[in-house]
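Results of the structural survey
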Amino acid sequence: MSIKIKTKEEIQTMSDGGKILADILNTLKTESRIGVSTGYLDSKAEALCKKYKVKSAFKDYNGYGATICTGINDVAVHGIPSESELLESGQILSIDMGLIYQDYYLDSAITLPIGEVDDKGIKLIEVTKLALKRAIEVAVEGNTVGDVGFVIQNIAKISGFSVITQMTGHGVGRKLHEEPFIPCFGNQGEGIVLKADMTLAIEPMINEGGSEIFIENDGWTSRTLDGSRSAIFEHTIAVGKRRAKILTQ
């Protein structure tokens, strides 16, 4: 296993790119309203990449055809945007985006309510956001990948939800997916020991119902097997000695 430890200069470059990604996602969040298509959001993201002179990390990655991934309700991850898919009140929407800035990859995701969303949907969003916050807090030197996954899984469990086990977070840097992989579950003290200046994409993926997902015939879109809603939040971070640095904010 080869895990890349980044230099301070590399982390600064990734932080500069992460600020751009955060700005794009904030714009997409503002644009995500009733009647807007996920295809429009994708076109907006592509236009913003051109404006900032960055490249999409997702488009053409293993044949993927869009700039962002979108997920409405039971779509967990890797949903493909479409002009015919219109946002409606009561839905929850995830937007996952990666970009390439000066040959470094950044990856981030948000989930948001569209119009009036029921209390359990709002709880799912807030719990997933909290899981990311707490996971980042334990992403410090000397802790393990298992510590990160344990926090995510525990927060989901005590909230009455479940984590996706078939997809993981990951290292990120010169490639979109680097080692180590960061599952949404784990045991404290187990797994790879984190070292300062590792750069990781931590992404809690939490389902309202069971943890099982399946992949649609398009080869990308994953849905919860029981039709329950799913949420994701993600940041690219640099592991610190005492505190991680969030690079995508």
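Heads up: these notes are all about the structure in this document. Keep in mind it's a predicted model, so treat the numbers as computed, not measured.

This part covers the packing of aromatic side chains. For any pair of aromatic rings, the description rests on two quantities: the centre-to-centre distance and the angle between the ring planes. According to the stated counting rule, one finds 1 aromatic pair in the structure shown. Pairing Y64 with W220 gives two aromatic rings, centres 5.0 Å apart and planes at 70°, and the pair type is edge-to-face. Pair noted here: Y64 is in the loop between β1 (55–56) and β2 (68–72) and W220 is in the loop between β10 (213–215) and β11 (222–224), with a separation of 156 residues, a long-range link. Judged by relative accessible area, Y64 falls into the buried class, the value being 2%.

At a minimum axis separation of 9 Å, helix α3 (residues 119–137) and helix α4 (residues 145–158) run at an interaxial angle of 155°. Judged on the interaxial angle alone, α4 and α3 are roughly antiparallel. When you trace α3 past α4, the crossing you get is right-handed. Contacts from V127, L130, A131, R134 and A135 in α3 reach V148, V151, I152, I155 and A156 in α4.

In this section: the nonpolar core. With 77 residues, the main nonpolar core has I95, M97 and I202 as its most contacted residues. If sequence neighbours within four positions are ignored, M97 has contacts with L21, I24, L25, L28, A45, C49, F58, T67, I68, L106, D107 and S108.

Here we take up the environment of A66. Tracing the backbone shows A66 in the loop between β1 and β2. Residues A66 and S82, spaced 16 residues apart in sequence, show a C-alpha to C-alpha distance of 9.4 Å. When sequence neighbours within four positions are dropped, the list of residues in contact with A66 reads D42, S56, F58, K59 and P81.

So, about the sheet that holds strand β12 (residues 230–232). Across the sheet, 3 strands lie side by side as β5-β9-β12; this open sheet has antiparallel pairing. At either margin of the open sheet sits one strand with a lone partner, and together these are β5 (162–163) and β12. Of the strand pairs in this sheet, β5 and strand β9 (residues 205–207) are connected by 2 bridges, and their pairing is antiparallel. Paired with S162 across the two strands is N207, which belongs to β9. Docked against the sheet, α3 engages β9 and β12, running at close to 150° with respect to β9.

Each value, and the rule that gives it
Residues numbered from 1 in each chain as written. Predicted model: local features only at pLDDT ≥ 70, side-chain atom pairs only at ≥ 80, totals over all residues. Heavy atoms only, no water. Phe/Tyr/Trp six-rings, centres within 6.5 Å; stacked < 30°, edge-to-face > 60°. Helix = DSSP H or I, 4+ residues; strand = E, 2+ residues; numbered from the N terminus. Buried < 20%, exposed > 50% of the residue type's maximum accessible area, 1.4 Å probe, protein only. Axes fitted to C-alpha atoms, helices over the stretch in contact; angles between N-to-C directions. Parallel < 35°, antiparallel > 145°, perpendicular 65-115°, else oblique. Left-handed = near helix turned anticlockwise from the far one by under 90°. Contact = heavy atoms within 4.5 Å. Core = buried A, V, L, I, M, F, W, Y, C linked by side-chain atoms within 4.5 Å. Pairing = 2+ DSSP bridges.

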